[in-house]
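# Examining the three-dimensional arrangement
Given next are the chains, with one letter for each unit.
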Amino acid sequence: MKVTRNLACLIAASTLLCSCANKNSKSQESAEETNVESVEENQTFVAEEGAQYLDITVPSLKAPETIKLSQFVENNKLTLVDCWASWCGPCMAEMPNLVNIYANYHEAGLEIVGISFDKEREDWQNAVDRLNMTWPQGSELNGWENQMMEKYGVQSIPCTFLIDQQGTILAIGLRGEELEAKIKETLGL
């Protein structure tokens, strides 16, 4: 009688455990199916060569428009994201090189997207006009408190990200002749 009672308890316990495991498994599968997008959105992004870029949207110099990085990446062979500011001496020194690169390679499929770390709209606008930066420009006008610092980890400027049409970050931090050589190589020129 004792053996039968113990066996009955054992069977009941294992049935209960299987039932709970099955419910948890179904709940987990259901949660996974419904939360795929939020899992992807919450994945940690690390800006490094070979990684897929992270899309951002920032206010454009041409208010009230915005700049959405994906618009440029999808529609150009190469997109150069240039982080800069009007108060940054090395940024201003590099700008004539970027103006030449844009003039020489824009028609071949290069787009530059400027992301300013300025706080004052007037300073930003004056630098764009003075240096003849004719490519799209965006800024949150928050100085260092911006998406490029927060999401891409930009710690110093000038800083560049070269992204191909498939969204792969090909190079980070190139300037001058190195930048131009990488652009020419990637465009097959």
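Below: a short report on this structure. As the structure is a computational prediction, the values presented were derived from the model and not from experiment. (Residues numbered from 1 in each chain as written. Predicted model: local features only at pLDDT ≥ 70, side-chain atom pairs only at ≥ 80, totals over all residues. Heavy atoms only, no water.)

So, on to helix α5 (residues 121–130). An α-helical turn contains 3.6 residues, so any two residues separated by three or four positions project in the same direction. Among all positions in α5, only Trp124, Ala127 and Val128 are buried. Buried residues of α5, viewed axially, fall in a sector of 100°; they line one side. Set apart from the buried face of α5 by more than 90 degrees, the exposed residues are Glu122, Asp129 and Arg130. (Buried < 20%, exposed > 50% of the residue type's maximum accessible area, 1.4 Å probe, protein only. Helix = DSSP H or I, 4+ residues; strand = E, 2+ residues; numbered from the N terminus. Arc of directions from axis to C-beta.)

On to the environment of Leu189. In this structure, Leu189 sits in the segment after α7 (176–187). For the pair Leu189 and Ala108, spaced 81 residues apart in sequence, the C-alpha to C-alpha distance is 8.8 Å. If sequence neighbours within four positions are ignored, Leu189 has contacts with Tyr105, Ala108 and Lys184. (Contact = heavy atoms within 4.5 Å.)

Okay, the pairing of strand β4 (residues 110–116) next. β4 sits mainly inside the fold: seven of its seven residues count as buried. The alternating pattern of β4 places Leu110, Ile112, Gly114 and Ser116 on one face and Glu111, Val113 and Ile115 on the opposite face, and all of these are buried. Where strand β3 (residues 78–84) and β4 come together, seven bridges link them in parallel fashion. Of the residues in β4, the one forming a bridge with Leu78 is Leu110. Once you follow β3 into helix α4 (residues 89–105) and on to β4, the crossover reads as right-handed. Strand direction decides the pairing type here: β4 and strand β5 (residues 137–139), joined by three bridges, are parallel. Within β5, the position partnered with Ile115 by the bridge is Gly138. (Pairing = 2+ DSSP bridges. Right-handed = clockwise from strand over helix to strand, strands pointing away.)

For the coordinates displayed, the defined rule picks out one disulfide. Each disulfide pairs two cysteine sulfurs, and for Cys88 the partner residue is Cys91, the sulfurs being separated by 2.4 Å. Given an S-S torsion of about 75°, the disulfide between Cys88 and Cys91 has right-handed geometry. Accessibility assignment for this pair places Cys88 and Cys91 in one class, buried. Take Cys83: it sits in no disulfide, and the sulfur closest to it among the cysteines is that of Cys159, at 5.4 Å. (Disulfide = S-S within 2.5 Å.)

Under the counting rule described, the total for this entry stands at one salt bridge. Of the charged contacts in the structure, one is a salt bridge between Lys68 and Asp55, with a shortest N-O distance of 3.2 Å. Pair noted here: Lys68 is in strand β2 (residues 66–68) and Asp55 is in the loop between α2 (36–42) and β1 (57–59), with a separation of 13 residues, a long-range link. (Salt bridge = Lys/Arg side-chain N within 4 Å of Asp/Glu carboxyl O.)

A word on the sheet that holds β4. Pairing is mixed in the open sheet, where five strands are placed in the order β5-β4-β3-β6-β7. A strand with exactly one partner marks an edge of an open sheet, and here the two such strands are β5 and β7 (169–172). Strand-to-strand twist in this sheet, taken as the mean axis angle between neighbours without regard to direction, amounts to 20°. Its contacts with the sheet put α5 on β3, β4 and β5, and the angle it makes with β5 is roughly 160°. α7 contacts β3, β4, β6 (159–164) and β7 of the sheet and is inclined by roughly 160° relative to β3. (Axes fitted to C-alpha atoms, helices over the stretch in contact; angles between N-to-C directions.)

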